[in-house]
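# Chain and residue survey
Read off the chains here:
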Amino acid sequence: SQKIEQNSEALNIQEGKTATLTCNYTNYSPAYLQWYRQDPGRGPVFLLLIRENEKEKRKERLKVTFDTTLKQSLFHITASQPADSATYLCASFTGGFKTIFGAGTRLFVKA
Amino acid sequence: SQTIHQWPATLVQPVGSPLSLECTVEGTSNPNLYWYRQAAGRGLQLLFYSVGIGQISSEVPQNLSASRPQDRQFILSSKKLLLSDSGFYLCAWALTGSYNEQFFGPGTRLTVL
């Protein structure tokens, strides 16, 4: 079955450093990958989308890569801040109406 | 701009009681609508989606049902709640023909006792 996997262990980094989160997919080839941010007790918020023919996408301090050979997407937050602390979800869309979500990785940025 | 509303925000219900969660979207027409459940520390489980009034697709067989009586209204129901129905329920919308970016509501925290 189609799977999206994210590191279940929380990521702890120091303020100012770059946070890198990993998303791996298996048993299919998504046309698009999406990244969302979710704060505790809130709904996820859409951040970025990257297409399979795009290697990299940037938005302010965020950067996403899509490696179809490794079947992996990396999500980077540069110059991280404590306000970036949240859970980040990776999701894939292969067409149709459904999006498959990973379980998310919690990021803690320490001041 | 588009807005999505969900209510109630929190709900505590006894086992065997009925459930009705409502979701409405403003500022867009003919959206695709979704119900997800998120267990603590887990990913989003797609429960139902709808591409139009009265059109419901079920992803997980269970004692829940969904209805879409109006274009921008999506309702999640149960006749008899189970303990396992506890969780965080999220409604979302996406534009038809988009890359299915999902826009989520604030969620309902349901505790079944």
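It should be noted that the structure appears before, not after, this text.
Residues numbered from 1 in each chain as written. Chains lettered and ligands numbered in written order. Predicted model: local features only at pLDDT ≥ 70, side-chain atom pairs only at ≥ 80, totals over all residues. Heavy atoms only, no water.

## Points about the interface of chain A and chain B
A common measure of how large an interface is: the accessible area buried when the components associate. Here is the rule: By the convention used here, residues are in contact when the closest approach between their heavy atoms is within 4.5 Å. Throughout, the accessible surface (probe 1.4 Å) given up by two parts as they are put together, summed over both, is called the buried area. Think of a salt bridge as a Lys or Arg side-chain nitrogen and an Asp or Glu carboxyl oxygen that are within 4 Å of each other.
Taken residue by residue, the interface counts 19 residues in chain A and 22 residues in chain B. Between chain A and chain B, the buried area comes to about 1,600 Å², and carbon and sulfur atoms account for 60% of it. Considering only the surface of chain A that becomes buried against chain B, F97, K98 and F101 of chain A emerge as the three largest contributors, covering 34% of it. Among the ionic pairs, K98 of chain A bridges to E59 of chain B, the shortest N-O distance being 3.2 Å.

## Focus: the nonpolar core
The condition is simple: In this text, buried Ala, Val, Leu, Ile, Met, Phe, Trp, Tyr and Cys residues form a nonpolar core when linked through side-chain atoms within 4.5 Å. Relative accessibility under 20% of the residue-type maximum defines a buried residue, over 50% an exposed one, and the middle range a partly exposed one, all with a 1.4 Å probe and only protein chains included. Going along the chain from the N terminus, every DSSP run of H or I of four or more residues is numbered as a helix, and every run of E of two or more is numbered as a strand.
I4, L33, W35, F75, I77, Y88 and L107 of chain A are the most contacted members of the largest nonpolar core, which has 22 residues in total. Elements represented by at least two residues in this core include exactly β3 (19-26), β4 (32-38), β5 (45-51), β7 (62-67), β8 (72-77), β9 (86-93) and β11 (105-110) of chain A. Looking at which element gives the most residues to this core, the answer is β3 of chain A, with four residues. For Y88 of chain A, the residues in contact, after removing those within four places along its chain, are Q6, L21, W35, Y36, R37, L47, F75, I77, G104, T105 and L107 of chain A. One finds V25, L47, F74 and Y89 of chain B within the second-largest nonpolar core, a separate group that totals 20 residues.

## Describing the state of the cysteines
Think of a disulfide as a covalent bridge from one cysteine sulfur atom to another cysteine sulfur atom. All names here are of chain A. Using the following cut-off: Any cysteine sulfur atom paired with another within 2.5 Å is treated as part of a disulfide.
Using the criterion set out here, one finds two disulfides over all chains in the structure. The disulfide partner of C23 is C90, and the gap between their sulfur atoms is 2.0 Å. Negative torsions about the S-S bond denote left-handed disulfides, and the value of about -65° found for C23 with C90 makes this one left-handed. In this pair, C23 is assigned in strand β3 and C90 in strand β9, connecting sequence segments 67 residues apart. Note on C90: relative accessible area 0%, which makes it buried.

## Some remarks on the sheet that holds strand β7 (residues 64-70) of chain B
Residue and element names in this part refer to chain B. Short version of the rule: Two strands make a pair as long as DSSP finds a minimum of two bridges between them. To obtain an axis, a line is fitted to C-alpha atoms, over the contacting stretch when the element is a helix, and the angle between two such axes runs from 0 to 180 degrees between their N-to-C directions.
Pairing is antiparallel across the open sheet formed by four strands, whose spatial order is β1-β3-β8-β7. Taken across any chain shown, the strands that pair with only one partner, and hence form the sheet edges, are β1 (3-7) and β7. The sheet shows a mean angle of 15° between the axes of neighbouring strands, direction not considered. In this structure, β7 lies alongside strand β8 (residues 73-78), joined through five bridges in antiparallel fashion. Residue pairing across strands places S67 opposite I75, the latter belonging to β8.

## Looking at the pattern of salt bridges
Oppositely charged side chains may form a pair once their charged atoms are brought near each other. All names here are of chain A. All chains considered together, the criterion is met by nine salt bridges over all chains. The shortest N-O distance in the salt bridge between R51 and E54 comes to 3.2 Å. On the basis of relative accessible area, R51 is assigned to the partly exposed category, the value being 25%. By relative accessible area, E54 is classed as buried at 19%. Between E54 and K57 there is a salt bridge; the shortest N-O distance is 3.9 Å. A single network of salt bridges, built from pairs that share partners, joins R51, E54 and K57.

## Observations concerning the pairing of strand β2 (residues 10-13) of chain B
Residues and elements named next belong to chain B. The side-chain alternation of β2 yields one buried face, formed by L11 and Q13, and one unburied face, formed by T10 and V12. Two elements, β2 and strand β11 (residues 108-112), share four bridges in a ladder whose sense is parallel. From the neighbouring strand, Q13 faces β11, where its bridge partner is V112.

## So, the pairing of strand β9 (residues 87-94) of chain B
Residue and element names in this part refer to chain B. Summarising burial for β9: eight of the eight residues are buried, a large majority. Judged from the seven bridges that link them, strand β4 (residues 32-38) and β9 form a sheet pairing that is antiparallel. Looking at the pairing, N32 lines up with A94 of β9. Bridge count between β9 and β11: three bridges; the pairing is antiparallel. Across the sheet, the residue bridging to Y89 is T108, located in β11. As defined by bridge partners, β9 adjoins strand β10 (residues 103-104) across two bridges and the pair is classed as antiparallel. Counterpart to W93 in the pairing with β10 is F103.

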